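Single-letter residue listing:
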Amino acid sequence: MIELKHLEKKFHIGDQVVHALDDVSLRIEQGEYIAVMGPSGSGKSTLMNILGLLDRANSGDYLLDGINASALGEAERTRLRSDKIGFVFQSYHLVPRLTARENVELPMMLSGIPVKQRKKTVDDVLDKLNLMDRAHHSPNQLSGGQRQRVAIGRAIVMKPSILLADEPTGNLDSKSGEEVTKLLESLNDEGITLMIVTHDPTLGARARRQLNMLDGRIV
Amino acid sequence: MLWSDIVSFITQVLSRHRFRTIVLWVAIAIGVVAVNLLTALGEGAKSFVLEEFNVLGRNTLIILPGKKETTGGMPPLTGESPRPLTLEDAQFVSRLSGVKSVAPIVVGNLEASYAGKIREALTIGSSRDFFIIRQLSVAQGKILPELDLDKGEAVCVIGNQLQKELFGQQSSLGQRIRIGDTRFRVIGVLKKGGTSFGFDMDDVIIVPVANAQSLFNVDGLFRLFAEVRVYQQLGTVKRAIVDLLTERHEGEEDVTVISQDAMLSSVQEILDILTIAVAGIAAISMLVAGILIMNMMMITVSQRVKEIGLLKAMGATSSTVRTLFLCEAGLIATVSSLSGLLLSHVITSIANLNFTDLQFHPPWWAQVGSIVLAVVFALLFSWLPAQKASKLSPVEALQGKQQKETT
């Protein structure tokens, strides 16, 4: 469960102050399927970065499963992030020198989970995403849809409670986009909280709850 | 992150960015090889020179005419003095109780000729004891006969090379050669012995000292070697010689007596400084390698900004990122410097097979030092890039932006 209370985030661009988030309060229950929509510069990405603990708000509180994330130090936020949050990016952000399997394994490796334990989990994830036969390919040998599936595998391998997807279908053709969306929705059906940031109204309309943002406010 | 994972992560980085890895490897290995080879050269030269000086044996004192006021550094090798050291002085020295033998020396260049062939050769006038003190032996014939120092005999022992040049394949024993304007009978040929103490012993003529004095028309001696019976008496005998000669020279202390130890220690000091200077120059090449590492790591950080952002988003802490970059530099420095060390051993072994006179062995302090230096430099110079990488904000790094700290 996520609770945001009066979040503020300001950026200084030149001598101008931009309110990326302006008094945002929000409550998201576990297992929700939410689309965040709005024009560029409306604060969608900032909201996403703060929810993903990649960035901090200037003021306001952020409670993640009862933990006040605004009060934590950087190392604790990093641990919380790797335990509870999975990211899917528009441009996949796979590490090019690692194979699909190694990319999926990466978060577990960074968290110091022993090799034996990792193998089983990674196998399960690859199996679930239908990537077993692509496990030893490097990202540039994979299609866009496959790459995004690897990225989703990497996002869920730590069994997070929230999946944050920033334009997950933005670089894909409609067929692969549909596959990726279905995959994300099936993960949501299994109980993960899914939050998608998108420009695409059709994709946004599929979510059970829509948040429209404009000038840093939820409207 | 587990240590085994850090190692495998770095190994992947190194093996999949092959060009960069090879450039770094070569740079570091060259630095280590330079340090080891140059110090090996220095040490080889040192032991070669010391061995040359050692030929005299540590029981030998060298007496030079003239008082040299030296406060450390090399003792004088040539001396001029109004009052020469004479053969009579040598005879008195030889009668001192602690002295086993003396070898007076007179040297100069003279032309030697046989059957129309003329060679200029270093002519040394001395005694039978000279051969014993200098550990010279003959390949054919015999050494100079036992004579009173002031008695001459027209005989000579010649160097190996000189014998070939004057006589070719012919036997020289018993033949008469002309030295200056006197004829000498050849009674011995020296063993091939290389250079020692600045004299090329293959190219000399040794005649009795009295003959040499008349050849050069001099009274004085170039120097006098005196061998003491026991090493422990070296100091006492040295004092006794100075006292004796002072007395004989009308109360004026106008000779210099030096022991081989004194000479060795000053020579050794000079050679040590040389070796260190050479090692210092080599260390500069390590510094250059270090700066190269820094540049390479800087480039790596900017090329891998997105990856760093991703690692941080995936749960890597700043210290994990820093550890990854430092370990990467440390690992490549360790592997490269060890292979550099191996390479320098291969090179010195090959050199040692080909040059028997000079032996090259990198000293242990250079071996350990070069590796420590390589690793320390690598870590030091990659600290800055690693720090830069660890400070990147994940949000901006994921967008490929490098600088701009977030608040």
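Keep in mind it's a predicted model, so treat the numbers as computed, not measured.

Draft legend 1. Highlighting the overall build of chain B. Along its length, chain B carries 12 helices and 12 strands. Every one of the 407 residues in chain B was classed for burial, and the buried ones make up 40%.

Draft legend 2. Geometry of the sheet that holds strand β3 (residues 33-37) of chain A. All names here are of chain A. Pairing is mixed in the open sheet, where six strands are placed in the order β6-β7-β8-β3-β9-β10. The outermost strands of the open sheet, each flanked by one partner alone, are β6 (85-88) and β10 (217-218). As defined by bridge partners, β3 adjoins strand β8 (residues 193-197) across four bridges and the pair is classed as parallel. Along β8, the bridge assignment pairs Ile34 with Met195. Lying on the sheet, helix α5 (residues 144-156) is in contact with β6 and β7 (162-166); it crosses β6 at an angle near 170°.

Draft legend 3. Just the pairing of strand β9 (residues 209-214) of chain A, in detail. All names here are of chain A. Pairing of β3 with β9, which is carried by four bridges, proceeds in the parallel orientation. Considered in β9, the bridge of Ala35 is made with Gln210. In sequence, β9 turns back onto β10 through a hairpin of two residues, with Asp215 there showing a positive phi of about 50°.

Draft legend 4. Highlighting the pairing of strand β1 (residues 2-13) of chain A. Residue and element names in this part refer to chain A. Relative to strand β2 (residues 16-28), β1 runs antiparallel, the two being bridged by 10 bridges. Bridging from a neighbouring strand, Glu8 pairs with Asp22 of β2. The antiparallel pairing of β1 with β2 creates a hairpin that spans two residues between the two strands, and Gly14 there sits at a positive phi of about 65°. Both β1 and strand β4 (residues 59-64) contribute to a ladder of five bridges, which runs antiparallel.

Draft legend 5. Just unusual backbone geometry, in detail. Phi at A:His93 takes a positive value of approximately 55°, unusual for a residue other than glycine. Its location among the elements puts A:His93 in the loop between β6 and α3 (100-110). Residue class for A:His93 comes out buried when judged on the 20 C-beta atoms lying within 10 Å of it. Although it is not a glycine, B:Glu250 sits at a positive phi angle of roughly 55°. By the secondary structure assignment, B:Glu250 is in the loop between α7 (234-248) and β12 (255-259).

Draft legend 6. Inspection of the nonpolar core at higher detail. Formed by 116 residues in total, the largest nonpolar core has its most connected members in A:Val36, A:Leu163, A:Leu164 and B:Ala374. Here this core takes 11 residues from helix α2 (residues 18-54) of chain B, the largest share from any one element. Look past the residues within four positions of A:Val36 in its chain and what remains in contact with it is A:Lys44, A:Leu47, A:Met195, A:Val197, A:Leu211 and A:Met213. Counting residues in hydrophobic clusters, the runner-up holds 56 residues, among them B:Phe184, B:Val189, B:Val207 and B:Val209.

Draft legend 7. Examining the packing of helix α8 (residues 260-303) of chain B against helix α11 (residues 364-391) of chain B more closely. All names here are of chain B. Between α8 and α11, whose axes approach to 8 Å, the crossing angle comes to 30°. Here α8 is positioned roughly parallel relative to α11, judged by the angle of their axes. By crossing handedness, the relation of α8 to α11 is classed as right-handed. Counted together, Ala279, Ala283, Met286, Leu287, Ala289, Gly290, Ile291, Ile293, Met294, Met297, Met298 and Val301 of α8 and Ala366, Leu373, Ala374, Phe377, Ala378, Leu380, Phe381, Ser382, Leu384, Pro385, Lys388 and Ala389 of α11 form the full contact between these two elements. A breakdown of the residues in the contact of α8 with α11 according to their chemical character gives 21 nonpolar, two polar and one charged.

Draft legend 8. The sheet that holds β4(A), seen in detail. Ordered in space as β2-β1-β4-β5 (chain A), the four strands form an open sheet in which the pairing is antiparallel. Strands with a single pairing partner mark the edges of an open sheet, and in this sheet they are β2 and β5 (67-68) of chain A.

Draft legend 9. Quick look at the environment of A:Val115. Residue and element names in this part refer to chain A. Relative to the elements of secondary structure, Val115 occurs in helix α4 (residues 115-128). Val115 sits in the partly exposed class, given 13 other C-beta atoms within 10 Å. The sequence separation of Val115 and Glu105 amounts to 10 residues, and the corresponding C-alpha distance is 9.7 Å.

Draft legend 10. Representation of the interface of chain A and chain B. With 19 residues of chain A in contact, the opposing surface of chain B contributes 21 residues. Those elements giving two or more residues to the side of chain A that touches chain B turn out to be α2 (74-84) and α3 of chain A. Of the residues forming the side of chain A that touches chain B, the biggest block, five residues, is contributed by α2(A).

The rules we used
- Starting from 1, residues in each chain are numbered consecutively following that chain's sequence as written.
- Here chains are named by letter from A upward and ligands by number from 1 upward, in the order in which they appear as written.
- Two thresholds apply to this predicted model, a pLDDT of at least 70 for residue-level local features and 80 or more for giving and counting side-chain atom pairs, whereas whole-chain, interface and lining totals are computed over all residues.
- The helix count covers DSSP runs of H or I at least four residues long, the strand count covers runs of E at least two residues long, and both are numbered beginning at the N terminus.
- Neighbour counting defines burial: a residue surrounded by 20 or more other C-beta atoms within 10 Å of its own C-beta is buried, one with 12 or fewer is exposed, and intermediate counts give partly exposed, using backbone-placed C-beta atoms.
- Paired strands, in this sense, are two strands between which DSSP finds at least two bridges.
- Contact between two residues is assigned when their C-beta atoms, built from the backbone, lie within 7 Å.
- Axes, fitted as lines to C-alpha atoms, cover a helix only where it is in contact. Angles between the N-to-C directions of the axes lie from 0 to 180 degrees.
- Take the buried Ala, Val, Leu, Ile, Met, Phe, Trp, Tyr and Cys residues, join any whose C-beta atoms are within 7 Å, and the set you get is a nonpolar core.
- For classification, angles of less than 35 degrees are called roughly parallel, those exceeding 145 degrees roughly antiparallel, those between 65 and 115 degrees roughly perpendicular, and all remaining angles oblique.
- Here is the rule for handedness: rotate from the far helix to the near one, and if that takes an anticlockwise turn smaller than a right angle the crossing is left-handed, while a clockwise turn gives right-handed.
- When residue character is reported, Ala, Val, Leu, Ile, Met, Phe, Trp, Tyr, Cys and Pro are called nonpolar, Asp, Glu, Lys and Arg charged, and the others, Gly included, polar.

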